[in-house]
Amino acid sequence: MNALERLFVQHFGSPALGMHPLQNHLGGSGRRIVRLTGEKQTAIGILHDVPEENIAFLEFSRHFRRHGLPVPEIYAEDLAQGAYLQEDLGDTTLFEFHSKTRAGGFVSPEALEAYRKVVAVLPRFQVQAGRDLNYKVCYPRDSFDRQSVAWDLNYFKYYFLKLAGVAFNEQALEDDFSSLTDFLLTADRDYFLYRDFQSRNIMLRDGQPYFLDYQGGRKGALQYDIASILFDAKADLPAEHRRRLLDHYIECLGGYLDVQREAFLRHYYAYVYVRLMQAMGAYGFRGFYERKPHFLQSVPYALKNLRWLLLNVELPIHVPTLMATFRSLLASEKVQSVGGQPGNLVILVQSFSFHQGLPKDETGHGGGFVFDGRSLPNPGREERFKQLTGKDAPVISYLVQQESVHQFFAHVVSLVDSSISNYQSRGFKNLTVSFGCTGGQHRSVYLAEQLAAHLSGRSGVEVVLRHRALEKMAPAVEAST
């Protein structure tokens, strides 16, 4: 602390009158962070005993500021003492702002606008400042290469899967890790990879974002960082907001590169998976191994992201053992109990076409209700409804007028409500309710929408809505949560 006090006097010409710790055992970086306060000035002091990380942060910070990026000014440093002094950016992280302004699954317009500003700045780090960055100071590696990927995947395997007692075929999983790595490395990797681009490392001051904790940065693919912030576990962004923010990011990226959306998306979800595994490895290391239980509070949110990926994403490579391991993980009672609180009952409500076959259960719990809506009046037989779906007002109006639809739905609600109460009392984690009709376009969609609305807001329940036939008709249709 004496080193920080000397740096304060060196920079401001007067002594610090107070020092207040800002990070304690809850942090995962190993750094000691304090706020030094003078008569009119404040600064943030850092003490860290890894010289390579200190050098990387200081050099990157000065480089980014030369490019006009919003990062803290470095006031003074004493690398021999592992100490440096930087600009005080306040106390509000993007994560804290988002958490305070949200209500359930609702994201406030103010928080969403903050996220839009953040993802708009990201290409400036990756492309603009990344072009002439000194990658020689990167630590521990200068590239997100095969070795870096292996570290992340093994982090997940050894510190999460094994410590959580999740069974898997180790050789088959390693084969899939190899296939996944080969695919990841086919992406263009000539950009700055921030590495820890998540909501706790972004400060908000006067409504504008400022960025921290890029000392682990290296050369890598564009997809990794946007995946990091959009699937930041505890931030728990709804799927629709993730999609819109991804669109905004790609649009902003187009100001710096000739980027093809389809080419970008080809690798995107593979990077989402590897980032998710890296994060779960960190939760396991800090929580299971170091016995710091607060790190495990993020696990239920990571599982929610994993469940969404398994339901909504199909990778362009074949990694069957990895996918089976994920399903085993989701079915594990020990993993489901992690985080200090029992997880919500996740109810997947979906519509489908009987022509395309019964939907495959992907939750690992063995199935659920399948209701056949083909006995109900069919709007699809009338020309005026053929181009519409069960989400459109004319179709809804037509079905609402049918007494048989009301009777059918009342029986469904009675059965489902009874099962929900039973499942919750027994600690179950998943329930699937599927509605089928001939084409999966009108009746089944209407019924799924109505049940999802009926269940929405119920305590201890998370509703996931999916329209399988509509997804095939219009690939841009995405499941909502």
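Residues numbered from 1 in each chain as written. Predicted model: local features only at pLDDT ≥ 70, side-chain atom pairs only at ≥ 80, totals over all residues. Heavy atoms only, no water.

Colleague: What am I meant to see in the packing of helix α4 (residues 109–128) against helix α7 (residues 223–230) here?
Modeller: Relative placement of two packed helices is described by the angle separating their axes and the distance separating the axes. α7 packs onto α4 with a crossing angle of 160° between their chain directions and a minimal axis gap of 10 Å. As summarised for this structure, α4 and α7 are arranged roughly antiparallel, according to the angle between their axes. You can see that α4 and α7 cross each other, and the crossing is right-handed. Contacts from Y115, V118, V119, L122 and Q126 in α4 reach D225, I226 and I229 in α7. Of the residues contributing to the contact of α4 with α7, the split by class is six nonpolar, one polar and one charged. (Axes fitted to C-alpha atoms, helices over the stretch in contact; angles between N-to-C directions. Helix = DSSP H or I, 4+ residues; strand = E, 2+ residues; numbered from the N terminus. Parallel < 35°, antiparallel > 145°, perpendicular 65-115°, else oblique. Left-handed = near helix turned anticlockwise from the far one by under 90°. Contact = heavy atoms within 4.5 Å. Nonpolar A, V, L, I, M, F, W, Y, C, P; charged D, E, K, R; others polar.)

Colleague: How do you make sense of the confidence of the model for the protein chain when you look at a structure like this?
Modeller: The predicted coordinates should not be examined in detail at positions where pLDDT is low. For the protein chain, the average pLDDT comes to 91, and 94% of its residues sit at 70 or higher. In this model residues 475–481 is a low-confidence stretch, pLDDT under 50, and it forms 18 contacts with partners more than four residues away in sequence or in other chains. (pLDDT = per-residue confidence, 0-100.)

Colleague: Even after reading the chapter, I still don't get the sheet that holds strand β12 (residues 430–437), so can you show me in this structure?
Modeller: Paired through backbone hydrogen bonds, the strands of a sheet run either parallel or antiparallel to each other. In spatial order, the strands read β11-β12-β10-β13; together these four strands make up an open sheet with parallel pairing. Where the open sheet ends on each side, the last strands, each with one partner, are β11 (368–372) and β13 (461–467). Across the sheet, the axes of successive neighbouring strands diverge by a mean angle of 15°, strand direction being ignored. Here strand β10 (residues 345–353) pairs with β12 via eight bridges, running parallel. Residue pairing across strands places F352 opposite G436, the latter belonging to β12. (Pairing = 2+ DSSP bridges.)

Colleague: Teacher, can you tell me more about the environment of H454 here?
Modeller: Secondary-structure assignment places H454 in helix α15 (residues 443–455). Its relative accessible area of 34% is what places H454 among the partly exposed residues. Each C-alpha atom, one on H454 and one on V259, is 42 Å from the other, the two residues being 195 residues apart in sequence. Ignoring any residue separated from it by four or fewer positions in sequence, one finds H454 in contact with V413 and D417. Polar contacts involving the side chain of H454 include one to the side chain of D417, which spans 3.2 Å. (Buried < 20%, exposed > 50% of the residue type's maximum accessible area, 1.4 Å probe, protein only. Polar contact = N/O pair within 3.5 Å; in protein donor to acceptor, adjacent residues only side chain to side chain.)

Colleague: Is there a simple way to explain the packing of aromatic side chains in this structure?
Modeller: For any pair of aromatic rings, the description rests on two quantities: the centre-to-centre distance and the angle between the ring planes. Enumeration over the complete set of coordinates arrives at 36 aromatic pairs. Both rings, one in Y155 and one in Y159, keep their centres 5.7 Å apart while their planes meet at 75°; by these two values the pair is edge-to-face. Linking Y155 with Y159, this pair stays in helix α5 (residues 146–161), spanning four residues, or about one helical turn. Their ring planes at 15° and their centres at 5.4 Å tell us that F369 and F371 sit as a pair that is stacked. Cluster of aromatic residues (ring-pair linked, three or more members): F57, F60, F64, Y84, F125, F192, Y194, F197, F211 and Y214. The side chain of R205 reaches across the aromatic face of Y210, ending 4.6 Å from its centre. (Phe/Tyr/Trp six-rings, centres within 6.5 Å; stacked < 30°, edge-to-face > 60°. Lys NZ or Arg CZ within 6 Å of the ring centre and 35° of its normal.)

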